[in-house]
Structure formats: structure tokens, C-alpha cells
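If you want the building blocks of each chain, they are given just below.
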Amino acid sequence: MEEFKDYVSFDLEFNEVEGIQHLLQVSAIKYVNHQEIERFDTYVHTTVHIRSFITGLTGITQDKIKNAPPLVEVLRDFKAFVGDFPLMGYNGRKSDIPVLQSHGLDLEAQYQIDVYEIAQAMKTTYLSGSKGLSLKAVAEYIGLKGQAHNSLEDAKMTAEVYQGLLELKANESYLDQQEVVTNNPFAGLGLAGLFGEDE
């Protein structure tokens, strides 16, 4: 799997009413060399009533969004925040990217890291003991904790899961190399100098 060191991890919360996804919260964290350098987090104003199920899931109420900036302003600022960084998400190719597109912001070309797809490819190896492939399940399996269904927390957790999966893969590669050395009966005997290069 290709390793990205600089990226923007993002997540959305939205309220679907009659087939239309109304954005409620847009959050993102910018990383350089896997280190957080900047955050973007805002609620989005909407006059559409938030379903009680969504409020229970996310904690977002009408009161929290009533003075929030309008959608056009949020999307403009979010696009500026992302800049030309690669985008990272969790199953965003099927969810968050289409939602943004439905509101006129197409960032599909920049969406280069889907951590759900990476986890799915690892489910029979590194993640075989995980209870599932939800963000929370994978995070807990590799020893991470966070608040699910808050877009800023989910953006942070997505990046941390990505970093954790990279570390798992790097550790396995190291162990594979050590096994090759261990299985060599002449390893560590210092015999290299006994033979000339031409032999």
C-alpha cells in the first residue's frame, strides 16, 4: 500500500431528509509528515429540521446550527483549507465525496486515501480479530479510542487508524526480514570475509 505522509483527513455529519443530504458539520485535520498542523471544524446552518435520530447519534441540535455559517461559505472555506493536499476519509468514496458533489464541491480527484478500503484489504490478515470494519471497531482493535459520530473526532480517528495500519504493516515487514536472517544457519557467524568476491 502506498504511504502518504502529508494529507487532510476529513469527515462530515449530515441530515438526510426526503433523499437530500443536508450538511450539519464539516471537519478536517491537516497532517504534514503524519503530524497534525491545522484543524478545520464548523457546523453548517440549515433551516431543515434535524431528525431526532441524527441528534441522538451526533449530538447536533437546531440550537447548535442556528448561528452557524451558510453552506456556501463553509464549502468555500473547506476547499481553501484542503488546498492541493491529498484527501483521506473512511468509506468516503461511497458517502462523503458524493455528498460534497451533490452540493457542488467535487474533490474526487484529490480523494486518494480511503482507510476503509485499506482495512477491507487487511481484514483476513492484520485485522482478522477485529469485530468488524466500522471505524470504531478497527480503531478499538488496534488500541485507539475516540468519540464516534462527531466529524472532527472521526477525522482524527481516521488518520490515527491509517497511521496504525502503516505501523502494523511496517512491523510485519521487519519481522519477515528477521525471520529470513534467523532461518539462515550461517547468519551472524561472520563468514563473509572468508570468501573472495570472485568466488
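Here, the structure is the one placed above.
In this text the structure is predicted, and so the values were computed from the model without any measurement. (Residues numbered from 1 in each chain as written. Predicted model: local features only at pLDDT ≥ 70, side-chain atom pairs only at ≥ 80, totals over all residues. Heavy atoms only, no water.)

Chemist: Report on the overall build of the chain, specifying residues and quantitative values.
Modeler: A tally of regular secondary structure across the chain gives 7 helices and 5 strands. Across the chain, helices and strands are ordered from the amino to the carboxyl terminus as β-β-β-α-α-α-β-α-β-α-α-α. Counting all 199 residues of the chain, 39% fall into the buried class. Contacts in the chain between residues at least 24 apart in sequence constitute 61% of all its contacts with a sequence separation of at least 6. Summed over its atoms, the accessible surface of the chain is roughly 11500 Å², and 50% of this surface lies on carbon and sulfur atoms. (Helix = DSSP H or I, 4+ residues; strand = E, 2+ residues; numbered from the N terminus. Buried < 20%, exposed > 50% of the residue type's maximum accessible area, 1.4 Å probe, protein only. Contact = heavy atoms within 4.5 Å. Areas by Shrake-Rupley, 256 points an atom, 1.4 Å probe, with all protein chains shown as cover.)

Chemist: Describe the side chain of Asp 11, listing the residues and the values that go with them.
Modeler: Checked against the element boundaries, Asp 11 lands in strand 1 (residues 7–17). No salt bridge is formed by the buried Asp 11. Its closest oppositely charged neighbour is Arg 39, at 13 Å. Beyond its immediate chain neighbours, meaning those up to four positions away, Asp 11 contacts Gln 25, Val 26, Ser 27, Asp 96, Ser 151, Asp 154 and Ala 155. (Lys, Arg positive; Asp, Glu negative; His and termini not counted. Salt bridge = Lys/Arg side-chain N within 4 Å of Asp/Glu carboxyl O.)

Chemist: I'd love a proper account of the sheet that holds strand 2 (residues 20–32), names of residues and values included.
Modeler: With mixed pairing, 5 strands are arranged side by side in an open sheet as 3-2-1-4-5. The sheet is open, and its two borders are formed by strand 3 (35–43) and strand 5 (111–114), each paired with just one other strand. Across this sheet, the average inter-strand angle for adjacent strands is 30 degrees, counted without regard to direction. Pairing of strand 1 with strand 4 (residues 87–89), which is carried by 2 bridges, proceeds in the parallel orientation. When the sheet's bridge partners are listed, Ser 9 is paired in strand 4 with Met 88. (Pairing = 2+ DSSP bridges. Axes fitted to C-alpha atoms, helices over the stretch in contact; angles between N-to-C directions.)

Chemist: Now, about helix 3 (residues 71–82): what can you tell me, with residues and values included?
Modeler: Spacing of three or four residues puts side chains on the same side of an α-helix, whose turn is 3.6 residues. The end-to-end C-alpha distance of helix 3 is 16 Å, a good match for the 16 Å that 12 residues give at a rise of 1.5 Å each. Among the residues making up helix 3, those that are buried are Val 74, Leu 75, Phe 78, Phe 81 and Val 82. Relative to the axis of helix 3, the buried residues are bounded by an arc of 125 degrees and lie together on one face. Within helix 3, the exposed residues directed more than 90 degrees away from the buried face are Val 72, Arg 76, Lys 79 and Ala 80. Against the buried residues of helix 3 lie strand 1, strand 2, strand 3, strand 4 and helix 4 (96–102). Downstream of helix 3 by one or two residues, Gly 83 has phi in the positive range, about 60 degrees. (Expected span 1.5 Å × (residues − 1). Arc of directions from axis to C-beta.)

Chemist: Could you give an account of the environment of Ala 68, with specific residues and numbers?
Modeler: As for its position among the elements, Ala 68 is in the loop between helix 2 (62–65) and helix 3. Judged by relative accessible area, Ala 68 falls into the buried class, the value being 14%. Sequence separation between Ala 68 and Tyr 43 is 25 residues; the distance between their C-alpha atoms is 5.6 Å. Discounting chain neighbours no more than four positions away, the residues touching Ala 68 are Tyr 43, Val 44 and His 45.

Chemist: Kindly report on the nonpolar core, identifying the contributing residues and their values.
Modeler: Tyr 7, Ile 113, Val 115, Leu 127, Val 161, Tyr 162 and Leu 165 are the most contacted members of the largest nonpolar core, which has 24 residues in total. Breaking this core down by element, the ones donating at least two residues are strand 2, helix 5 (115–121), helix 6 (135–141) and helix 7 (151–182). Residue contributions to this core peak at 7 residues, all from helix 7. Excluding its chain neighbours within four sequence positions, the residues that come into contact with Val 115 are Met 88, Gly 89, Tyr 90, Thr 158, Val 161, Tyr 162 and Leu 165. In this structure, Phe 40, Val 74, Phe 81 and Val 99 belong to the second largest nonpolar core, which totals 21 residues. (Core = buried A, V, L, I, M, F, W, Y, C linked by side-chain atoms within 4.5 Å.)

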